[in-house]
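Architecture at a glance
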Number of protein chains: 2
Amino acid sequence: MLFRTLADPTRRAIFERLCRQGEQTVGALTSQSGVSQPAVSKHLGVLKQAGLVRDRHEGRQTHYSAQLSALAPLMDWTRQMAGFWESRFDDLEDLLKRMDQ
Amino acid sequence: MLFRTLADPTRRAIFERLCRQGEQTVGALTSQSGVSQPAVSKHLGVLKQAGLVRDRHEGRQTHYSAQLSALAPLMDWTRQMAGFWESRFDDLEDLLKRMDQ
DNA sequence: CGAACATATATCCCTGTGGTTATACGTCAA
DNA sequence: TTGACGTATAACCACAGGGATATATGTTCG
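Residues numbered from 1 in each chain as written. Chains lettered and ligands numbered in written order. Predicted model: local features only at pLDDT ≥ 70, side-chain atom pairs only at ≥ 80, totals over all residues. Heavy atoms only, no water.

1. Observations regarding the interface of chain B and chain A
Contacts between the two partners involve 30 residues from chain B and, on the opposite side, 31 residues from chain A. Approximately 3,000 Å² of surface area, both sides summed, lies buried where chain B meets chain A, with 69% of it carried by carbon and sulfur atoms. Counting the surface chain B buries against chain A, the share from its top three residues, Phe3, Leu68 and Met75 of chain B, is 21%. Our count for the chain B to chain A interface comes out at zero salt bridges. Between chain B and chain A we count two residue pairs in polar contact (both at pLDDT 80 or more) in total. (Contact = heavy atoms within 4.5 Å. Buried area = accessible area lost by both parts, 1.4 Å probe. Salt bridge = Lys/Arg side-chain N within 4 Å of Asp/Glu carboxyl O. Polar contact = N/O pair within 3.5 Å; in protein donor to acceptor, adjacent residues only side chain to side chain.)

2. Quick word on the packing of helix H2 (residues 9-21) of chain B against helix H4 (residues 37-49) of chain B
All names here are of chain B. With their axes 10 Å apart at the nearest point, H2 and H4 run at an angle of 75° to one another. Classified by the angle between their axes, H2 and H4 sit roughly perpendicular to one another. Touching Thr10, Arg11, Ile14, Phe15 and Leu18 of H2 are Val40, His43, Leu44, Val46 and Leu47, all from H4. Split into classes, the residues belonging to the contact of H2 with H4 amount to seven nonpolar, two polar and one charged. (Axes fitted to C-alpha atoms, helices over the stretch in contact; angles between N-to-C directions. Helix = DSSP H or I, 4+ residues; strand = E, 2+ residues; numbered from the N terminus. Parallel < 35°, antiparallel > 145°, perpendicular 65-115°, else oblique. Nonpolar A, V, L, I, M, F, W, Y, C, P; charged D, E, K, R; others polar.)

3. Some points on the protein's contact with DNA strand C
Near DNA strand C you find 22 residues, and of these Ser41 of chain A together with Arg4, Ser36, Lys42 and His43 of chain B are the closest. Put simply, 66% of the atoms of DNA strand C that lie within 4 Å of the protein are in sugar or phosphate. Within the side chain of Gln37 of chain A, a nitrogen or oxygen atom sits 2.8 Å from a base nitrogen of DNA strand C. Tyr64 of chain A places a side-chain nitrogen or oxygen 2.8 Å from a phosphate oxygen of DNA strand C. No other element matches H4 of chain B, which puts four residues into the surface near DNA strand C. In the surface near DNA strand C, the residues fall into six nonpolar, ten polar and six charged. (Near = heavy atom within 4 Å.)

4. Some words on the sheet that holds strand S1 (residues 24-25) of chain A
All names here are of chain A. Sheet architecture is open: three strands sit in the order S1-S3-S2, paired in antiparallel fashion. Of all the strands in the sheet, just S1 and strand S2 (53-58) have a single pairing partner and so form its edges. Examined bridge by bridge, S2 and strand S3 (residues 61-66) share six bridges and lie antiparallel to one another. Across the sheet, residue Arg54 finds its bridge partner in S3, namely Ser65. Across the sheet, helix H2 (residues 9-21) touches S1, S2 and S3, and the angle it forms with S3 is around 85°. (Pairing = 2+ DSSP bridges.)

5. Quick notes on the protein's contact with DNA strand D
Around DNA strand D, the surrounding shell holds 22 residues, and the nearest of these are Arg4 and His43 of chain A together with Gly27, Gln37 and Ser41 of chain B. Note that a phosphate oxygen of DNA strand D is positioned 2.9 Å from one of the side-chain N or O atoms of Ser36 of chain A. Elements represented by at least two residues in the surface near DNA strand D include exactly H2 and helix H4 (37-49) of chain A together with helix H3 (26-31), H4 and strand S3 (61-66) of chain B. Among the residues forming the surface near DNA strand D, the class breakdown is six nonpolar, ten polar and six charged.

6. What to know about the pattern of salt bridges
In this structure the tally under the stated criterion is six salt bridges over all chains. With a shortest N-O distance of 2.5 Å, Arg56 of chain A and Glu23 of chain A are connected by a salt bridge. Of the two residues, Arg56 of chain A sits in strand S2 while Glu23 of chain A sits in the loop between H2 and S1, which places them 33 residues apart along the sequence. Judged by relative accessible area, which is 31%, Glu23 of chain A ranks as partly exposed. Linking Lys48 of chain B and Asp55 of chain B is a salt bridge whose minimum nitrogen-to-oxygen distance equals 3.0 Å. The class for Lys48 of chain B is partly exposed, based on a relative accessible area of 41%. Each of the salt bridges in this network shares a partner with another, and the network as a whole consists of Glu23, Arg56 and Glu58 of chain A. (Buried < 20%, exposed > 50% of the residue type's maximum accessible area, 1.4 Å probe, protein only.)

See below:
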């Protein structure tokens, strides 16, 4: 589900912005997304269902923020793939270095 | 492009199998994929274009293997998002609260 | 209350793409 | 060379889903 959710560029950009700049209203996200407000709301719904964001209602605005813990399965998957590969003899020192950072 | 490539379950399963079990022929991959051989070939083409697999021709068969170094951008992206998140004060507070629970 | 505002939902359209079958291309064996 | 085999390409279909516009829901303010 995570891959699918993050596959769309617009949606991924929204999530990245929430990671970089913290909590944002739908309006703020819309103004820099290049698509309509309903489109942004739909993307936020998908992100929320994937657990990647959480929403907080304050008056008539809704504030969204990134829920980074949801990325854990992604890191786990990547590490697992690397593990399988590594256990089958080969260098990939470069990748392992980056994983250790 | 990585997210998009790995978003499809069938294609991701093919890649995972190549990671777990090493080099495989198209026929071997097809037999356990649940879809037709042309579909598998198409998926392999997409994976190849994303740099996630390599192909090696041997007679009339083609052997595919995972090219794990292509996952590096994925790890970099994830780490970058985590970095943005941790560098923001309010989120650190949230994290600490959750750690105390 | 009524109007402006912020967001969510409904509806529809249209493209992308994953699936199929049919077929072409290359390779091995006889 | 002919035929069987392994894989790739072609042509087509069906549907998911991202986009827009229109409208509903809910909130603040005069």
